[in-house]
Structure formats: C-alpha cells, structure tokens
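Here are the chains, one letter per residue:
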Amino acid sequence: MNRVGFYIVPLLRLALGVIFIAASYHKLIDPASFAKVISQYQILPDAAINMVALFLPPLEALCGLLLLLWPRFRASAAFLILAMLIVFTAAIGYSMYRGIDISCGCFSSGGASMRVGWTKIAENAAMILAAIAVWIQALRVR
Amino acid sequence: MMACSQRFCPLHKITLILAVAALIGVGRNLFLPNSIPWTQKWSDIAVSRALEEGLTVFSLEETRNAVESGSHFLFDARATEEYDLGHIPTAMSLPIKDFDIVFDQFSAMLTPDFPVLVYCSGKECDESIDLAVRLRDLGHTNLVVYTGGYIEWSAAEVVE
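My aim in this report is to walk through the structure given alongside it, one point at a time. This is a predicted model, so every value here is computed, not measured. (Residues numbered from 1 in each chain as written. Chains lettered and ligands numbered in written order. Predicted model: local features only at pLDDT ≥ 70, side-chain atom pairs only at ≥ 80, totals over all residues. Heavy atoms only, no water.)

**Overview of the overall build of chain A**
And step 1. Within chain A, the regular secondary structure consists of 5 helices and 0 strands.
And step 2. Helices and strands appear in chain A in the N-to-C order α-α-α-α-α.
And step 3. Here chain A has a C-alpha radius of gyration of 15 Å; the compact-globule value for 142 residues is 14 Å, and the two agree.
And step 4. With the principal axes as the frame, chain A shows a C-alpha extent of 45 × 30 × 25 Å.
And step 5. A burial count over chain A gives 49% of its 142 residues as buried.
And step 6. Counting every atom, chain A has about 6,700 Å² of accessible surface; 72% of that belongs to carbon and sulfur. (Helix = DSSP H or I, 4+ residues; strand = E, 2+ residues; numbered from the N terminus. Rg over C-alpha atoms; globule rule 2.2 N^0.38 Å. Buried < 20%, exposed > 50% of the residue type's maximum accessible area, 1.4 Å probe, protein only. Areas by Shrake-Rupley, 256 points an atom, 1.4 Å probe, with all protein chains shown as cover.)

Laid out in structure tokens, this is it:
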C-alpha cells in the first residue's frame, strides 16, 4: 500500500468520524430544533419529519464512532456516511435551486447556523471524496 | 445481490447499524428530556399554534393596514442576523432567544393594552407564537400574530 493509503486516509477517517460525532451532538440533545430545520427544507412529508429528526442524529453518531473504533464495521460505516452526505448535499442543492434561504442545520439548529449555499456544497463535496477514500481502503483491508 | 454486492456494502452490517440507530432514536425519545411527538403537523405550524394559544391571526392585508396606520407595535421574533437582512417596515427586532436582554428597552414604551403584532419567517416557524406567549405572560393583552411572516411579506413586495 502506498503512502497515501497509510497516512492520509486514516487521517481522513479520523476527521470524518469526529465531524459526524460533533454534528450529531446538538441534534441529539434538541430534536425539536432539528425537526424544525428539516421542516424548513420542505422536502419530507409532515409524518416523516419527527421520525427522521430522531433517527438521523444517532445514525450520524454511531457511524462516526464505528469509523473510529471498530475496524470490522469501518466499511459499512463509511458507506452509510457517504450515503448520508450525498442525501444532505442533494437536499441543500435542491433548496438552493428553489431559492429557499434556510439554515443548513448541519452542526447546530439555531438561527446562527450556517445558511445553505455554495460554501456548504463545497464542504460536503470534500467530505464525500474523503468518505469514498475511507470506504475503499476499508474494503481492501478488512 | 444485484446493485449492492456483499463485498461493497455488506447488507447485514448496514442493517444492523440502521436498526441500532433507530433503537437509540426511539429510546432517546422515550427516556431522555426534550422528547418530541412521533409525528407532528409542520406545515402551517404557525396558524395551528396560534389557534391553540387563542391568539388572533392577521392576514397580509391586515398587517399592511396595521403598518400603514401605525396602529400596532411590530416585533420581529427572528434572529438578529435575519432581521438585518430585511424586515417589515417599522418592526423592531426582538429575537425570542434574547428576550430577557432585549425586551427591557421596549417595556417602557408599551402599555399592556397597546396593540402588538408579532411575526417570524413564515408558516413553518413558531417563534412569533413563543414571543406572543411571553408577552402575554408579562400582561400584554392586545396581541396579534402575522402568520404569513417575512417570507409572505417580502414575496408580496416583489410582486408589486
């Protein structure tokens, strides 16, 4: 395995794991605010919003933890993180396309949270690339 | 497997992770503080909560009249950053999260029966309702909510 695989990808894995755990924190302790953010995206039907607000934060935290701590689950966690990132990015892109100016709700759910926009899309694109690298490496070494 | 081979996305592990996350989500909502209803009506939350709280709801037209005639004191319940980007003319910024700090400067100007109109971003926000409830708790009796909020107001301005 080359140097990139040895040094860079584990760092990316560490970063992704920490980011996902950090991102889940506020949503876990305050699901009502997160549900409100989801509703403002105006994508999901009313009946699904609270369920998703309860389900997504533990999924983010769990995938982040597994990515960091449990090699046997690394590939699956990386795959789920990749899938989440793609869905989140699509949701942000769709909101921008429709001209809905909302807070992204990515790390916090308050009014000071980052707005959806190209910066957020770029951040997510970088994380998607990192997730792909981590996933591919996890598939090789397991 | 067809699209998702066992090697690239081992379904049993993924299913396990999803199931554990769902369990944590359910458990979190059952046993920890800040739980939420399993389902909730989100669209038109402003109107439904206003009715629940027994508050009067103003339409766009009524709000326009109130602004033009100066009959009401207007409060914008959104965050200050959002207020700074645009707000209804004559409205004062009173973000619900800073209520205790900010309201002091207005309390001297307002008698309890002076008409007050509150709004937030639109039909899917309820900061305006929370604000109206806080004001009511302080003894204000003449409260109305413009549930269309700044989204409806600014859209109507663009059309004209």
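**With respect to the packing of aromatic side chains**
And step 1. Counted under the stated rule, the structure contains 7 aromatic pairs over all chains.
And step 2. When the centroid spacing of 4.8 Å and the interplanar angle of 55 degrees are considered together, the rings of W70(A) and F73(A) count as tilted.
And step 3. For W70(A), a relative accessible area of 45% gives the class partly exposed.
And step 4. Look at F73(B) and F75(B): their rings are 5.0 Å apart centre to centre, the planes differ by 50 degrees, and that puts the pair in the tilted class. Of the two residues, F73(B) and F75(B), both sit in the buried class.
And step 5. Among the aromatic side chains, those forming a connected cluster through ring pairs are F73(B), F75(B), F99(B), F103(B) and F106(B).
And step 6. Of note, K13(B) hangs over the ring of F73(A), and the distance from its end group to the ring centre comes to 5.6 Å. (Phe/Tyr/Trp six-rings, centres within 6.5 Å; stacked < 30°, edge-to-face > 60°. Lys NZ or Arg CZ within 6 Å of the ring centre and 35° of its normal.)

**What to know about the layout of surface pockets**
All names here are of chain A.
And step 1. The volume enclosed by the second largest pocket comes to roughly 630 Å³.
And step 2. Lining the second largest pocket we find 31 residues, and of these F34, L56, M84, V87 and F88 sit closest to its centre.
And step 3. Elements that contribute at least two residues to the lining of the second largest pocket include exactly helix 1 (3-29), helix 2 (31-41), helix 3 (46-69), helix 4 (74-98) and helix 5 (118-141).
And step 4. Broken down by element, the lining of the second largest pocket gets its largest block of residues, 9 residues, from helix 4. (1 Å grid on protein atoms, 1.4 Å probe; cavity = no way out; pocket = protein on both sides within 12 Å on 5 of 7 lines; lining within 4 Å. Points joined across faces, edges and corners; volume = space filled by probe spheres on them.)

Keep in mind these numbers describe shape, not what the thing actually does.
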